[in-house]
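Letter by letter, the chains look like this.
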Amino acid sequence: MTALLALAFAFSGVVCALTAVLAWRRRANTPAAGALAAAMAGIALWSATGVFVHLPVELTLQRVTGRISFIGVHLTVVGLWCTSRAATDRSWRLRRAVALRLVSSSALLVGAVFTNPWHQLFFSSARASATGRLQVELGPLFWVDMAYCYLLLGWGVQHLLRAWWRARSVFRHQLSHLLLASCVPVIGNLTVLAVALVHDQRGERAVDYTPLFLALTGLIYARAIFRHGLLRLVPVARAQVVEAIEDAVVVLDADGRVVDVNPAAMALLTRTSSTPTTHIPTSTCTASDVPDAPGVPGVPVTSSDVVGQLAVQVLPAQLSALLSSGTGREHVRLAEGVHLDARVSALRGARGQGLGRVLVLRDVSELVEQRQLAQRASQRLAEQLALTQALQQRLAEEAVRDALTGLHNRRHLVQVLQEAVDHARSTGEPLSVVLIDVDRFKAVNDTYGHHGGDAVLQAVAARLQRGCRQGDTLARYGGEEFVLLLPATTAAQAVRRVEQLRRECAQTRVDLPCGEEGTSPRRRVAVAVTFSAGVATCPERGTTGDELLVAADRALYAAKAGGRDRVVTAR
C-alpha cells in the first residue's frame, strides 16, 4: 500500500511539473498562466516530498522533506491566489508591496517550520512510530499557518465569486471551472484534517492526500485557461456590442478553439447544422443562383456544444479554407437560400502577439435573393464598413494616446518626428523640437501625493495643448516631460512661442488637497506650476530625430542648471 501511495505522489509531482512548464510557456498570451505555473510548481514540490513519507527512508530524511514540503505549500497557496486575481482581472499585476508582504509572511511561517527544534511551536513533538515513520503532534503555529493559507484561498474564491456574479455567457462558464477547482482542495484538505485529528487521538499518523487534491485543482485550472481560453480576450462592452449586434460573431483563440459566440451566431449554427454546405466564389454569385426556398432548419445548438471545441469541428466546413488563411473575406453559400459574407480578423495584444481571431458572419441571403433591394443593402454594408473603420481608427488613436493627459504618447512621437525631419530635409524648411520638463515635480508628488502630481501634469498638458497651432505635435515624452514639434519654425520663433507658453503656464494655479488624508474637510492649496524648456532646431542642431532630442535635452539641462522656469536654445 505504501508503495502505491509513493507512486501516486510521484505521478502527481510529474503531472504538476509538466503542467507548470506548459503554463509558463503560455504566460505571454495568458496573464494567469504565470501564476498558475508557480502554483503547479508548488504542488509538484509538495507531492515530491510526500513520496518520502511512504518510503522506508531514515527519520532524518523524513524530517528534512517534511520541512521542505511547507515551501511547496506556501508557493501553492500564493500561486493560486495570484491565479484567481489574474483570471478575474486581466489588468491586474502583482505589485511590489503586495509581493513583499506575501513573501515575508510565507518566509516567517516556513522559517518557523525549519526552526521548530528550537521553539517547539509548530510541532510540539516529533518521534518515530513503531513502523519507523515520523510521528508529529501539531503545535499552535501550525494552526496559524493553516489559517493564513485558508485566508488566502478564501480571498481568491471571493474574487472568483464576485467575477462570476458579474460575468455573462461563456465568461461565467469559464469562471465556474475555477470555482470548482477552488472547492476541490478545500473539501479535500478539511477531510484530511478531520481524519488526521482522529488518527492523532489514536496515536497514529494519517496520510496527507492534499497534494493529490491540489493536483486535480491545477489540472482543472489548466483546462479552463488553455482549453477555454480563459480571459485571453477581454469582454470589453460585450453585453452592449457583441450580444446586440445582428452579425454572427465567433471568437477563436490562438489554437483555433471557440472561446465565445454571440446569440446571432448560435441562431445561424442552429439554422445550418443539418444542411450541406456549398462554396460559391464572390465574383460568380448572383441573385439567380438562389432558390426561393428558405434555409432548412437544423438541430438546436447551445453554447456548451460550441465553446471549447475546435472551430473546424463545429463551424460549417466551407469556412475551413477561410479560417486556415488566418485573415480575409469570402462569400459563402452554406445551404439553399443561405448566403453569408464571412470575414476573419486577427486579434493582437499590446506587444503584437497573436491572441486569436474573430470570425464575423453576415447573412446576405435576402440581399442576394431580392435584386431590387441591392442598392439599399449596399448602403447598409457601406455604413457598417464605415462604422468598423471608424472604430478601428478610434482604437488606433487610443493606442497612441497617453491615458493620463490625453496627449499623444512616445511611440506616436517617434513616428511623427521621423516624418517631420524627412520633410524638413527635403523642403529645406526649419523644424524646431522643444523638450519641456515640469519644475520641481518630485516635490509635488512628495507633498501632495501621486494624485496631486497627476493633476499638475493634466493642467500643464491642457495649457500646452491650448497653445498649439495647426500642424504642431504635442506628446508626453515620459514622466513629467513633454515634447513639442514646431514645423516651419526657426529657433528664434520657437523661443518666442515657448516663452509665451511658459508665461501662461506660470500663471496657472492647480487646486490640490493638503493635509492628512481622511480628515474632513481637507484644506486645499492653489499650487503654481512652472516648466523649463530646451529648444533644438533642424538642421543647425541636428538632422535626425535622435540628434534633435539629444540637443534639446542638453538645452533643457542648461535651463534647469540656470535656475529653472526658463527657455534655453541648444548651442
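Residues numbered from 1 in each chain as written. Predicted model: local features only at pLDDT ≥ 70, side-chain atom pairs only at ≥ 80, totals over all residues. Heavy atoms only, no water.

Draft legend 1. Highlighting a nonpolar patch on the surface. On the surface, a nonpolar cluster with roughly 210 Å² of combined accessible area is contributed by Phe-52, Leu-55 and Leu-61. Residue position: Phe-52 is located in helix H2 (residues 31-53). A relative accessible area of 30% places Phe-52 in the partly exposed class. (Patch = residues over 30% accessible without salt bridge, like charges linked within 9 Å, V, L, I, M, F, W, Y side chains within 5 Å. Areas by Shrake-Rupley, 256 points an atom, 1.4 Å probe, with all protein chains shown as cover. Salt bridge = Lys/Arg side-chain N within 4 Å of Asp/Glu carboxyl O. Helix = DSSP H or I, 4+ residues; strand = E, 2+ residues; numbered from the N terminus. Buried < 20%, exposed > 50% of the residue type's maximum accessible area, 1.4 Å probe, protein only.)

Draft legend 2. Focus on the pairing of strand E3 (residues 248-253). The buried count for E3 comes to 6 of 6 residues, which makes it a mostly enclosed element. Side chains Ala-248, Val-250 and Leu-252 project from E3 onto one buried face, and the interleaved Val-249, Val-251 and Asp-253 project onto a second face that is buried too. Sheet analysis places E3 next to strand E7 (residues 354-363), joined by 6 bridges and oriented antiparallel. Looking at E7, one finds that Val-250 is bridged to Leu-359. Taken together, the 3 bridges between E3 and strand E4 (residues 258-261) define a ladder with antiparallel strand orientation. Each residue of the ladder has a partner; that of Val-250, found in E4, is Val-261. Taken together, E3 and the strand that follows it, E4, pair antiparallel across an intervening segment of 4 residues, in which Gly-256 is found at a positive phi of about 85°. (Pairing = 2+ DSSP bridges.)

Draft legend 3. The arrangement of the sheet that holds E3 in detail. Judged by pairing direction, the sheet is antiparallel, and its 5 strands sit side by side in the order E4-E3-E7-E6-E5 without closing on themselves. Both outer strands of the open sheet, E4 and strand E5 (328-335), are each paired with one neighbouring strand and no more. Between one strand and the next, the sheet's axes are offset by a mean angle of 25°, whatever the strand orientation. (Axes fitted to C-alpha atoms, helices over the stretch in contact; angles between N-to-C directions.)

Draft legend 4. Geometry of the packing of aromatic side chains. Overall, the coordinates contain 7 aromatic pairs when judged by the stated rule. Geometrically, the ring pair formed by Trp-81 and Trp-155 is tilted, given 5.1 Å between the ring centres and 50° between the ring planes. Of this pair, Trp-81 sits in helix H3 (residues 59-88) while Trp-155 is found in helix H6 (residues 140-166), placing the two residues 74 residues apart along the sequence. Geometrically, the ring pair formed by Phe-122 and Phe-142 is edge-to-face, given 6.1 Å between the ring centres and 90° between the ring planes. Pair noted here: Phe-122 is in the loop between helix H5 (116-119) and strand E1 (123-128) and Phe-142 is in helix H6, with a separation of 20 residues, a long-range link. For Phe-122, a relative accessible area of 0% translates into the label buried. One aromatic cluster in this structure is built from Phe-70, Phe-122, Phe-123, Phe-142 and Trp-143. (Phe/Tyr/Trp six-rings, centres within 6.5 Å; stacked < 30°, edge-to-face > 60°.)

Draft legend 5. Spotlight on the pattern of salt bridges. Across all of its chains, the model carries 14 salt bridges by this definition. The partner of Arg-502 in a salt bridge is Glu-499, and the shortest N-O contact between them spans 2.8 Å. Pair noted here: Arg-502 and Glu-499 are both in helix H17 (residues 491-506), with a separation of 3 residues, about one helical turn. Glu-499 carries the same exposure label as Arg-502, and that label is buried.

Draft legend 6. Looking closely at the side chain of Thr-76. Along the chain, Thr-76 falls in helix H3. Note on Thr-76: relative accessible area 1%, which makes it buried. A distance of 2.6 Å separates a polar side-chain atom of Thr-76 from the backbone oxygen of Gly-72. (Polar contact = N/O pair within 3.5 Å; in protein donor to acceptor, adjacent residues only side chain to side chain.)

Draft legend 7. Quick look at the packing of helix H4 (residues 96-114) against H6. Remark: H4 packs on H6, axes separated minimally by 10 Å, with the N-to-C direction vectors making an angle of 150°. Regarding the angle of H4 to H6, the classification is roughly antiparallel. Crossing handedness for the pair H4 and H6: left-handed. Across from Leu-102, Ser-105, Ser-106, Leu-109 and Ala-112 in H4, the residues of H6 making contact are Leu-141, Val-144, Asp-145, Tyr-148 and Leu-152. Residues belonging to the contact of H4 with H6 are distributed by class as follows: 7 nonpolar, 2 polar and 1 charged. (Parallel < 35°, antiparallel > 145°, perpendicular 65-115°, else oblique. Left-handed = near helix turned anticlockwise from the far one by under 90°. Contact = heavy atoms within 4.5 Å. Nonpolar A, V, L, I, M, F, W, Y, C, P; charged D, E, K, R; others polar.)

Draft legend 8. Expanded view of the packing of H3 against H4. Direction vectors running N to C along H3 and H4 enclose 160°, while the axes themselves pass 9 Å from each other. One way to sum up the angle between H3 and H4 is to call them roughly antiparallel. Handedness of the H3/H4 crossing: right-handed. Taking contact as the criterion, the partners of Arg-67, Ile-68, Phe-70, Ile-71, His-74, Val-78 and Trp-81 in H3 are, on H4, Val-98, Leu-102, Ser-106, Leu-109, Val-110, Val-113 and Phe-114.

Draft legend 9. Fine view of the nonpolar core. Counting 27 residues, the largest nonpolar core has Val-434, Val-438, Val-456, Val-460, Leu-464, Phe-482 and Phe-531 as its most contacted members. Elements supplying a minimum of two residues to this core: strand E8 (431-438), helix H16 (441-466), strand E10 (481-487), H17, strand E11 (509-514) and strand E13 (531-538). Here this core gets 7 residues from one element, more than from any other, and that element is H16. Aside from chain neighbours lying at most four places away, what touches Leu-464 is Ile-436, Leu-474, Phe-482, Leu-501 and Phe-531. (Core = buried A, V, L, I, M, F, W, Y, C linked by side-chain atoms within 4.5 Å.)

Draft legend 10. The arrangement of the confidence of the model for the chain in detail. Summing up the model confidence of the chain, the mean pLDDT is 79 and the portion of residues at 70 or higher is 78%. Segment residues 233-239: pLDDT under 50, and 17 contacts once partners within four positions in sequence are set aside and those in other chains are kept. Here residues 274-298 is modelled with pLDDT under 50, and outside its nearest four sequence neighbours on either side it reaches 58 contacts, counting other chains as well. (pLDDT = per-residue confidence, 0-100.)

Draft legend 11. Region of the structure containing H6. Helix length check: H6 (27 residues) gives 39 Å between terminal C-alpha atoms against 39 Å at 1.5 Å per residue, within 8%. Taken residue by residue, H6 has Phe-142, Asp-145, Met-146, Tyr-148, Cys-149, Leu-152, Leu-153, Gly-156, His-159, Leu-160 and Ala-163 as its buried positions. (Expected span 1.5 Å × (residues − 1).)

Draft legend 12. Geometry of the sheet that holds E8. Read across the open sheet, the 5 strands follow the order E9-E10-E8-E13-E14; overall the sheet is mixed. The open sheet has two edge strands, strand E9 (473-478) and strand E14 (567-569), and neither has a second partner. Here the strands of the sheet are splayed against their neighbours by 20° on average, with no regard to which way each runs. In this sheet, E10 lies alongside E9 in antiparallel orientation, the contact comprising 5 bridges. Bridging across to E10, Thr-473 finds its partner in Leu-485. H16 rests against E8, E9, E10 and E13 of the sheet, and its axis sits at about 150° to E8. Lying on the sheet, helix H18 (residues 545-561) is in contact with E8, E9, E10, E13 and E14; it crosses E13 at an angle near 145°.

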